[in-house]
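Overview (structure and organization)
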Amino acid sequence: MISDQFRTIKINIQFLTKEKKNRVFLITSPGKGEGKSTTTANLAVSMAQQKQKVLLIDANLRNPIIHSIFKVPNEIGLTNVLTGKTSFAETVCRTEIGKLEILTSGSISFNPAELLGNELMSDLLQRVVNSYDIVLIDSPSVLHYTETRVLANQCDGVVLVLHRERTELEHTAESRRVLDLAHAKLVGAIINESK
């Protein structure tokens, strides 16, 4: 049943990506502990299993978890690419799940907002977008961290993950306001019911 739901979400996103311009999506949530990273990982796997070439980027530089979910190393990753210590090609991690590739967070950054708001992040997204059918970015919560707002502005769309029991209605409304102020395009929400 869960995989069917992710297939439905995938199909809905495919409608958004009919225009080849819409291929970079930021996944965020109003707060912490709402299942955002797990949802992003499941969505990436679901898409990769349907023969799509998917890049999953862990841009949660404060509390990265994607490398743990997929059990891949995180010595080098996004932060190392953005600081010029490694290239994207030598840093991206190929998986055995369809055409799924992962760019982990990399070494801890002391100023995530500055790093992700830098032109280098925008340049990276422009460089990689044509090599993938879709790029999914896991980010920190939009209400707690400014880098998510900065990053949202660089993406084709934002998907908000809400937890049926934990997410408060006013936090959902505030998230929308914050994304509007960032000139980000909110394309939908996923309601998570996990315990």
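Structure shown above.
1. Examining the pattern of salt bridges
- Per the counting criterion, the structure on display carries four salt bridges.
- With a closest N to O distance of 3.0 Å, D138 and K36 form a salt bridge. Remark: K36 occurs in helix α2 (residues 36–49) and D138 occurs in strand β5 (residues 134–138); sequence separation between them is 102 residues. Each member of the pair, D138 as well as K36, is classed as buried.
- E174 is paired through a salt bridge with R177; the nearest N and O atoms lie 2.6 Å apart. One end of the pair, E174, and the other, R177, are both in helix α9 (residues 169–181), three residues apart, so they sit about a helical turn from each other.
- Taking the relative accessible area as the measure of exposure, R177 reaches 47% and is therefore partly exposed.

2. As for helix α7 (residues 119–128)
- Turning to α7, its buried residues number three or more, namely M121, L124, L125 and V128. Each buried residue of α7 sits inside an arc of 95° when the element is viewed along its axis, so together they form one side. Exposed and facing more than 90 degrees away from the buried side of α7 are E119, Q126 and R127.
- Where α7 starts, the residue carrying a side-chain oxygen 2.9 Å from the main-chain nitrogen of L120 turns out to be N118.

3. Brief notes about the pairing of strand β4 (residues 99–103)
- β4 sits mainly inside the fold: four of its five residues count as buried.
- Strand direction decides the pairing type here: strand β2 (residues 53–58) and β4, joined by five bridges, are parallel. In the strand pairing of β4, L56 is matched with I102.
- Inspection of the sheet shows strand β3 (residues 93–94) paired to β4 by two bridges, in the antiparallel sense.

4. So, the sheet that holds β5
- Taken in spatial order, the seven strands line up as β3-β4-β2-β5-β1-β6-β7 in an open sheet, and their pairing is mixed. The two strands at the open ends of the sheet, each matched to only one other strand, are β3 and β7 (186–192).
- Against the sheet, α9 makes contact with β6 (157–163) and β7, and its axis sits at roughly 165° relative to β6, the strand it touches most.

5. Description of α2
- Spanning 14 residues, α2 covers 20 Å between terminal C-alpha atoms, matching the ideal 20 Å at 1.5 Å per step.
- Most of α2 sits inside the fold, with 11 of its 14 residues counted as buried.
- If you check which residues of α2 are buried, you get K36, S37, T39, T40, A41, L43, A44, V45, S46, M47 and A48.
- Of the residues one or two after α2, K51 is the one with positive phi, at around 70°.

6. Topic: the packing of aromatic side chains
- As enumerated under the stated definition, the model contains zero aromatic pairs in all.
- A cation over an aromatic ring shows up here: K53 above the ring of Y132, its NZ or CZ 5.1 Å from the ring centre.

7. Remarks on the nonpolar core
- Residues L55, L78, F88, L124 and I137 are the most contacted members of the largest nonpolar core, which totals 32 residues.
- The dominant element in this core, judged by the number of residues it contributes, is α7, at four residues.
- Not counting residues up to four positions away in its chain, the partners in contact with L55 are F88, V92, E101, I102, L103, V128, Y132, I134, V135 and L136.
- Grouped together as the second largest cluster of nonpolar side chains are 22 residues, A44, A48, L136 and I190 included.

8. Quick notes on the side chain of T86
- Summarising the element assignment, T86 is placed in the loop between α4 (78–82) and α5 (88–91).
- Look at T86 and you get buried, because its relative accessible area is 16%.
- Of note is the side chain of T86, whose polar atom sits 2.7 Å from the side chain of T91.
- Setting aside its immediate chain neighbours within four residues, T86 contacts I76, N80, V81 and T91.

Criteria and thresholds
Residues numbered from 1 in each chain as written. Predicted model: local features only at pLDDT ≥ 70, side-chain atom pairs only at ≥ 80, totals over all residues. Heavy atoms only, no water. Salt bridge = Lys/Arg side-chain N within 4 Å of Asp/Glu carboxyl O. Helix = DSSP H or I, 4+ residues; strand = E, 2+ residues; numbered from the N terminus. Buried < 20%, exposed > 50% of the residue type's maximum accessible area, 1.4 Å probe, protein only. Arc of directions from axis to C-beta. Polar contact = N/O pair within 3.5 Å; in protein donor to acceptor, adjacent residues only side chain to side chain. Pairing = 2+ DSSP bridges. Contact = heavy atoms within 4.5 Å. Axes fitted to C-alpha atoms, helices over the stretch in contact; angles between N-to-C directions. Expected span 1.5 Å × (residues − 1). Phe/Tyr/Trp six-rings, centres within 6.5 Å; stacked < 30°, edge-to-face > 60°. Lys NZ or Arg CZ within 6 Å of the ring centre and 35° of its normal. Core = buried A, V, L, I, M, F, W, Y, C linked by side-chain atoms within 4.5 Å.

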